[in-house]
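Coordinates in review
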Amino acid sequence: MLKIVAVFPPPTTGMTHVTKAIAERLSETIDVRRFVVSKTDGKARFWSFRKHLALLRQLTRAIFSDPQKAPVYIVLDAGQGAWGSLVLVLLAKLNGVPLIIHHHVFSYVEASTLATRSVFAVAPAETLHITLCPCMADKLKRLYGDSVRTSVLSNAAFIAPSEAQRSPARALNSVGFLGNITREKGILLFLETMRVLEDRDITLSAIIAGPISDVEIRSEVDAFIAEAPERRSYRGPVYGEDKAAFYQDIDALLFPSQYRNEAQPVTIYEALAVGCPVLATDRGCIPDQLPSEWVFDQECFVASAGDLLEIWAKRDGEFEQAANLGCSVWVEAQAMAQKELQALSEQMLR
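What to know about a nonpolar patch on the surface
A surface patch of nonpolar side chains, amounting to about 350 Å² of accessible area, comprises Phe46, Phe49 and Leu53. With respect to the helices and strands, Leu53 occurs in helix α2 (residues 47-64). Overall, Leu53 belongs to the partly exposed group, its relative accessible area being 39%.

A short note on the nonpolar core
Inside soluble globular proteins, nonpolar side chains tend to come together where they are buried. With 83 residues, the main nonpolar core has Phe190 and Leu279 as its most contacted residues. For this core, the element with the highest residue contribution is helix α13 (residues 316-349), accounting for nine residues. Each residue touching Leu279, except ones within four places of it in the same chain, is listed here: Leu253, Leu254, Phe255, Trp294, Phe296, Phe301, Ala305, Leu308, Leu309 and Trp312. Ranked by size, the runner-up nonpolar core spans 37 residues in total, among them Val7, Leu59, Leu140 and Cys285.

Details of the packing of helix α3 (residues 81-94) against helix α5 (residues 114-122)
For any two helices packed against each other, the geometry comes down to the angle between their axes and how far apart the axes lie. Taken N-terminus to C-terminus, the directions of α3 and α5 make an angle of 10 degrees; their axes are 9 Å apart at the nearest point. One finds that α3 runs roughly parallel with respect to α5. Contacts from Ala82, Trp83, Leu86, Val89, Leu90 and Lys93 of α3 reach α5 at Leu114, Ala115, Thr116, Ser118, Val119, Ala121 and Val122. Per-class residue counts for the contact of α3 with α5 are 10 nonpolar, two polar and one charged.

Considerations on the sheet that holds strand β4 (residues 99-103)
What links the strands of a sheet is backbone hydrogen bonding, and the strands pair in either a parallel or an antiparallel sense. The six strands are arranged β2-β1-β3-β4-β5-β6 in an open sheet whose pairing can be described as parallel. Taken across any chain shown, the strands that pair with only one partner, and hence form the sheet edges, are β2 (32-37) and β6 (149-152). Averaged over all neighbouring strand pairs, the angle between strand axes comes to 25 degrees, with direction disregarded. As defined by bridge partners, strand β1 (residues 2-7) adjoins β2 across six bridges and the pair is classed as parallel. By the bridge assignment for β2, Val5 is matched with Phe35. Packing against the sheet, α3 makes contact with β3 (72-76) and β4, and its axis sits at approximately 160 degrees to β3.

Quick look at the pattern of salt bridges
For the structure shown, the criterion picks out 22 salt bridges. One salt bridge connects Asp77 with Lys51, and the closest N-O pair in it is separated by 2.7 Å. Here Asp77, found in the loop between β3 and α3, pairs with Lys51, found in helix α2; they are 26 residues apart in sequence, far enough to count as distant. Each member of the pair, Asp77 together with Lys51, is buried.

Some points on the side chain of His104
Looking at the element boundaries, His104 is found in the loop between β4 and α4 (107-110). Beyond its immediate chain neighbours, meaning those up to four positions away, His104 contacts Met15, Val18, Tyr73, Val75, Leu132, Met136, Asn155, Asn261 and Ala263.

Digging into unusual backbone geometry
Following Pro9, the chain continues into Pro10 via a peptide bond in cis, with omega recorded as -5 degrees. A cis amide bond links Pro10 to the next residue, Pro11, at an omega of 0 degrees. Notably, Lys69 is not glycine yet its phi reads approximately 60 degrees, a positive angle. Residue placement: Lys69 occurs in the loop between α2 and β3.

Structural notes on the packing of aromatic side chains
Under the criterion given, the structure shown has eight aromatic pairs. Centre to centre, the rings of Phe177 and Phe190 are 5.6 Å apart; their planes meet at 55 degrees, and the pair counts as tilted. With Phe177 in strand β7 (residues 174-178) and Phe190 in helix α7 (residues 187-199), this residue pair connects regions lying 13 residues apart in the sequence. Each member of the pair, Phe177 together with Phe190, is buried.

Rules behind the numbers
Along each chain, residue indices are assigned from 1 in the same order as the chain's sequence is written. It should be noted that, the model being predicted, local features are given only for residues of pLDDT at least 70 and side-chain atom pairs only at 80 or more, the latter also being counted only at that level, while totals for whole chains, interfaces and linings use all residues. Here the side-chain values reflect all heavy atoms present in the structure, with hydrogen atoms and water set aside. Residues with no salt bridge and a relative accessible area higher than 30% make up the patches, which join like charges within 9 Å and nonpolar side chains (Val, Leu, Ile, Met, Phe, Trp, Tyr) within 5 Å. The Shrake-Rupley method, run with a 1.4 Å probe sphere, supplies the accessible areas, and residue values consider only the shown protein chains as cover. Here, a salt bridge means any Lys or Arg side-chain nitrogen found within 4 Å of an Asp or Glu carboxyl oxygen. Every helix listed is a DSSP run of H or I at least four residues long, and every strand listed is a run of E at least two residues long, numbered separately from the N terminus. Throughout, exposure labels follow a simple rule: accessible area from a 1.4 Å probe, protein chains only, divided by the maximum for the residue type, with under 20% read as buried, over 50% as exposed, and the rest as partly exposed. Side-chain atoms within 4.5 Å link the members of a nonpolar core, which is a set of buried Ala, Val, Leu, Ile, Met, Phe, Trp, Tyr and Cys residues. Contact between two residues is taken to exist if any of their heavy atoms lie within 4.5 Å; hydrogens are not considered. To obtain an axis, a line is fitted to C-alpha atoms, over the contacting stretch when the element is a helix, and the angle between two such axes runs from 0 to 180 degrees between their N-to-C directions. Our angle categories are set so that under 35 degrees counts as roughly parallel, over 145 as roughly antiparallel, 65 to 115 as roughly perpendicular, and the remainder as oblique. Residues are grouped as follows: nonpolar covers Ala, Val, Leu, Ile, Met, Phe, Trp, Tyr, Cys and Pro; charged covers Asp, Glu, Lys and Arg; every other residue, Gly included, is treated as polar. Only when DSSP finds a minimum of two bridges between them are two strands counted as paired. The aromatic pairing rule takes the rings of Phe, Tyr and Trp, using the six-membered ring of Trp, and pairs them if the centres are within 6.5 Å, calling planes under 30 degrees apart stacked, those over 60 edge-to-face and the rest tilted.

Structure representation (structure tokens):
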């Protein structure tokens, strides 16, 4: 048996999507019991505090409902939230419960904090740490000790076959941005890149999707669209059929994230799965997700991505090759991820 104590959608994020998916997939081979926390009221106020309090209650239920002390799966939080995770880890240890900790954040893999060092110090020695890529596992060991037990499981294992699956585009006509519309997620770099292309007389459609909460950023997006409304649009948050339609309407995706917690974006795999090549910044596991020629340092993203998009826009043959390469990268990533998931399932059964 495995007990999962974690946040499930809502809210719908890459992390909660993977948590739900891993529960579903592992339940195919082992007995999985869910102790769910969700943000059902939609209120952002004090969400982090309310979340960790609810996780603590659910972990207490999970521990004391089972005299056999089955392993418990949790997700390690970042920033101040890591202190909440520390309380969970300490409670599990005091009650002799084996732990499986899933890591979805890269910031504490690059540089430790007092909270994360405390988590690793308190966690039972046999704790299994699930990482998203080999690079993440290596850095975790270097930072927190070679004795840390790791198992790699890519998010590619949890990208379902999409109804938007299509043959790769043969020409580049439109470029998309999907995610939280913030500076950290790179929306300003996206706008600048598209403007650079316009200055070079490269006319491409720009489609932006995702939630905007910052008034200044909304003004920036509105101004960008107003410059060429016939080929620029903002669709708001997209889920389900709306997200599938978004992917149908773009030929390439830009993912210029500057977010310090960025690890292995599900969005990148979703785009590759439907035949869209992705140009991104070198955050977290992203260099393991994409061909090296599609990954740039954030300082040179606009110039480098602009140069490559210009080539693709002018040379249909090269863009078609890129689209086919993206599909091949996705097929390989998914095949490897399925093997990782199978290995993890067998490990848990043992």
